[in-house]
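Structural features, examined
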Amino acid sequence: MKIQTLITVSFLYFLVSSSCQKVITPPLSNSAPQLVIEGVVSDTTGPYHINISKTVSFYADNTYPNVSGASVTITDQTAGVNDLLTETSAGIYTTHSIIGTPGHTYQLQVVLDGKNYSAISTMPLRVALDSITFDYTSVKNMIQPIVHYQDPAALVNYYKYNITVNGLKLRRFQTDEDRLMNGKYINEDLETDTGAIKKNNLVLVNLVGMDKGAYDFLMEAENIAFYNDQLATPATPESNISGGCLGYFSAQTVSSKSKLVK
């Protein structure tokens, strides 16, 4: 997953004089590139990956350079297992021995250019997605998935929903917490763009459980128009990784259901 701070300010000022039209481009700041660290450990089969890259300025092309040469370690603090990741391609660091286990706490450590970045995330207990159905009526020209599952009463739970249609992940994701629905059976419509889901599409929904640090980052990102993991505003969500970088690290569970739209 890639996060880049591209400022979406498009401003054109037209000065009309003597039948000529002049386009003036505002002096948007060329801020220094920032480091981006992103990755997850989940209860799905590994290996798991940490992606390290850098942001680019507004006027640069859409090539986001990955960063090589980092030392990346993930530690399962509960099991006492250390995993030194291998850089399998530029900026992509891959695990060897870590197994994602609900209830375990994981620490990410990155050393790059003499600087240290770290994060700790605890994988929650898994919440199972029972089924998905579809809402054909609430919004014109939209078919929206509805998720059905039991929220555990004894725990505070934080969720993210991802939707994949015919093998392609939709740009929009959605976060939720159980503050107002703790212990209830959940029947929730998921947001989609108009025309994103059509009849005869195969729809896969992932119910992702995470801890509060990862949820806070994703919830804030969602609220500032965070689309397809591409940050598109001057603001940036607060990272749960210390050391002064963008991005986030999450130990999370995943429960999936798929269904054909009829």
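Structure's up top.
Figured I'd write up the structure that's included with this text. These numbers come from a predicted model, not from an experiment.

Considerations on the pairing of strand β3 (residues 35-42)
When you tally the buried positions in β3, you get seven out of eight residues, the bulk of the element. By the bridge criterion, five bridges tie β3 to strand β4 (residues 49-54) in an arrangement that is antiparallel. By the bridge assignment, Val36 is partnered in β4 with Ser53. Hairpin connection of β3 to β4: six residues between the antiparallel strands.

Notes on the sheet that holds strand β12 (residues 144-150)
Read from one edge of the open sheet, three strands run β11-β12-β16, paired in antiparallel fashion. Because the sheet does not close on itself, it has two edges, and the strands there are β11 (129-135) and β16 (185-189). For this sheet the average axis-to-axis angle between neighbouring strands, irrespective of direction, equals 20°. Pairing analysis gives five bridges linking β12 to β16, with the strands arranged antiparallel. Looking at the pairing, Val147 lines up with Glu188 of β16.

Thoughts on the environment of Pro237
Locating Pro237 in the fold gives a position in the loop between β19 (230-231) and β20 (246-260). Note on Pro237: relative accessible area 4%, which makes it buried. As a C-alpha pair, Pro237 and Asn223 span 14 residues in sequence and 9.2 Å in three-dimensional space.

Here's the deal with the environment of Val203
Its place among the elements puts Val203 in strand β17 (residues 202-210). Taking relative accessible area as the criterion, Val203 reaches 0% and is therefore assigned buried. Each C-alpha atom, one on Val203 and one on Thr164, is 5.8 Å from the other, the two residues being 39 residues apart in sequence. Each residue touching Val203, except ones within four places of it in the same chain, is listed here: Ile132, Phe134, Pro145, Ile163, Thr164, Val165, Ile197, Lys257, Ser258, Lys259 and Val261.

Details of helix α1 (residues 212-223)
With 12 residues, α1 should cover 16 Å at 1.5 Å per step; its first-to-last C-alpha distance of 16 Å lies within 8% of that length. All buried positions along α1 are accounted for by Ala214, Tyr215, Phe217, Leu218 and Ala221. For α1, the buried positions fall inside an angular range of 165° around the axis, keeping them on one side.

So, the pattern of salt bridges
For the coordinates displayed, the defined rule picks out three salt bridges. Between Arg126 and Asp43 there is a salt bridge; the shortest N-O distance is 3.6 Å. One end of the pair, Arg126, is in the loop between β10 (115-122) and β11; the other, Asp43, is in the loop between β3 and β4, and 83 residues separate them in sequence.

A short note on the side chain of Asn51
Topologically, Asn51 is positioned in strand β4. Using a relative accessible area of 8% as the deciding quantity, one classes Asn51 as buried. Of note is the side chain of Asn51, whose polar atom sits 3.2 Å from the backbone oxygen of Gly91.

Calculation rules
- Residues numbered from 1 in each chain as written.
- Predicted model: local features only at pLDDT ≥ 70, side-chain atom pairs only at ≥ 80, totals over all residues.
- Heavy atoms only, no water.
- Buried < 20%, exposed > 50% of the residue type's maximum accessible area, 1.4 Å probe, protein only.
- Helix = DSSP H or I, 4+ residues; strand = E, 2+ residues; numbered from the N terminus.
- Pairing = 2+ DSSP bridges.
- Axes fitted to C-alpha atoms, helices over the stretch in contact; angles between N-to-C directions.
- Contact = heavy atoms within 4.5 Å.
- Expected span 1.5 Å × (residues − 1).
- Arc of directions from axis to C-beta.
- Salt bridge = Lys/Arg side-chain N within 4 Å of Asp/Glu carboxyl O.
- Polar contact = N/O pair within 3.5 Å; in protein donor to acceptor, adjacent residues only side chain to side chain.

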